[in-house]
Amino acid sequence: MNALVLRCPPFPGAKIKPLGIPSDNAPLVLPDLASHCLDLMRENRVGGTFWGAQGQVSRGQIDPWYLFARTEHWQCDANDETALLARIAGLHVTVQGSGRFADCDSAQGIAPTQLVARHILNGVDYRDPFTGMSCGADVIIRHLSEWRRLIDANRSFAGVIGIARWKRPTVTPLLWNGSEPVRYARRPDQLPPEGRIAVWKSRTSIRSLAALERSHQSIAEIEDGFIRSTGLGADCVPPLSIIVDDEGIYFDPSGPNTLEILLRTTTFSPELLTRAEALRRAILTSGISKYGAGTRALARPDGERRHVLVTGQVEDDRSILAGGGAVRTNLELLKRARDAEGDAYILYKPHPDVEAGHRIGHIPDDQALGYADAIVRDQPISALLDMVDAVHVITSLAGFEGLLRGRDVVTHGLPFYAGWGLTTDLAQIPERRVMRRSLLELIAATLILYPRYMDPVTGLPCPPEVLIERMASGTDTHPSVLVEMRRLQGRVKRWLSALAARGSS
């Protein structure tokens, strides 16, 4: 069978299937669809090996669209699909010999829309790569366009520092440049001196960070995404979404970052806002939070009294160090919440990484209950947010998740969602955040435009809607031996800590 012109890039580790199946029962192609698909392909430069290397290469796949932009006349063999792609790109094409794409010779006078209908649309039943369901060719082109943007954003990376081996299977497809393996290293001197370096700073040595600063090499920061996985990073559950930020990082308010720039400068289309609202509804229906899903309804412990959730954090986390302001400990947050909510029923939820025994920030129960009415541990954060009236945070993502549910959110630090007119902010807001943004605009920037997502089923980069559906259905859960060992290690550390505490009392 001849290869389809619209096909999936060979992302590392992905389960690659044809995006279409030859079929005598394929839908009838209407002229408007052919014209629409041609415009989409031309605008987004997809089709053929668009993921290939750019510039002069002696072997391997090349990006033909890169070459099209540098010439006006294209000459190739009649069995070369670039004949069709060059016509779509608007070039004058000369075809040599006879073969599959002989009719793409400009001298034959066949319109590009007719060529698209003939070679791309007719007789092909296209299948969505994530659902396997029949779909239009325009849906496939939009997927290819997103993959193109991702690959192009990675082309200038020289390598990556600070990614643990257990994270690499899910991170690699999101950092792949289309033509070369992702280069992982422990130190900058193990990477080429040209190009950007992607760095997970909290997992990179101080010596390496200092070397990067001296080198003046361009850096992009990597961090977990806001919808991450079912399971904790501290338990070595690989992330299914990441942030790659060339400007800074979203939790550091000392300077601009890409998310902040998006919120300040983006004109959000009605289509994007409609998508953001649908995403919000999907998150609420499934009970999705950063580390999983849970839709269990919870009763209010004290009836009509105002209920307030206070969320603990990892006290040495970079988000606290960078954006905590005057509040650096969970106990101080609890004290402040009680001062502000004197008559409320306060529930305190420790951070799951702290509860798992891997990170610092533990408050002894007797101290926590001096300010909170109850400590909640096993209940999903999404169910708690559904139940309470308000949430107090330092910089926790729980505040953003509270906004999704229409809760009052009080920020004691400077999280990324503070300062846009949606929260009660007790810290000084940077003057850069002068825009008033709607909740849907915040969702669109934070969950659609900013992160990168990977589908745990196909191994392909995906839209957020796909990952949310996988998490809601439980198809992202694949515990490894390493995960189970880390969970056991955490239980042992908690047991030893409790034993030491009893011994000192």
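Residues numbered from 1 in each chain as written. Predicted model: local features only at pLDDT ≥ 70, side-chain atom pairs only at ≥ 80, totals over all residues. Heavy atoms only, no water.

What about the overall build of the protein chain?
Under the convention used in this document: Elements are defined by DSSP. Helices are runs of H or I of four residues or more, strands are runs of E of two residues or more, and each kind is numbered from the N terminus. Relative accessible area decides the class of each residue, using a 1.4 Å probe on protein chains only: under 20% of the type maximum gives buried, over 50% gives exposed, and in between gives partly exposed. Contacts are assigned to residue pairs that have any heavy atoms within 4.5 Å of one another. Shrake-Rupley sampling with a 1.4 Å probe provides the accessible areas, and residues are treated as covered by the protein chains on show and by no other component.
Per the secondary structure count, the protein chain includes 18 helices and 19 strands. Per-residue burial for the protein chain yields a buried fraction of 52% across its 505 residues. Summarising the internal contacts of the protein chain: among those between residues at least 6 apart in sequence, 61% fall at separations of at least 24. Surface accessibility of the protein chain: about 23000 Å² in total, with carbon and sulfur atoms responsible for 52%.

With respect to the pattern of salt bridges
Our working definition: The working definition used for a salt bridge is a side-chain nitrogen of Lys or Arg within 4 Å of a carboxyl oxygen of Asp or Glu.
For the coordinates displayed, the defined rule picks out 34 salt bridges. Among the ionic pairs, Asp103 bridges to Arg118, the shortest N-O distance being 2.6 Å. Here Asp103, found in the loop between strand E3 (92-96) and helix H4 (112-121), pairs with Arg118, found in helix H4; they are 15 residues apart in sequence, far enough to count as distant. You can call Asp103 buried: its relative accessible area is 11%. Looking at Arg118, the relative accessible area reads 42%, which means it is partly exposed. Between Glu221 and Arg318 there is a salt bridge whose closest N-O contact spans 2.9 Å.

Points about the sheet that holds strand E18 (residues 452-454)
Under the convention used in this document: Note on pairing: DSSP must find at least two bridges between two strands before they are called paired.
If you trace the seven strands from one edge of the open sheet to the other, you get E6-E5-E7-E8-E9-E18-E19, paired in mixed fashion. Strands at the two margins of the open sheet, each flanked by one partner only, are strand E6 (184-185) and strand E19 (461-462). Strand direction decides the pairing type here: strand E8 (residues 219-224) and strand E9 (residues 241-245), joined by four bridges, are antiparallel. Its bridge partner lying in E9, Glu221 is registered against Asp245.

Keep in mind these numbers describe shape, not what the thing actually does.
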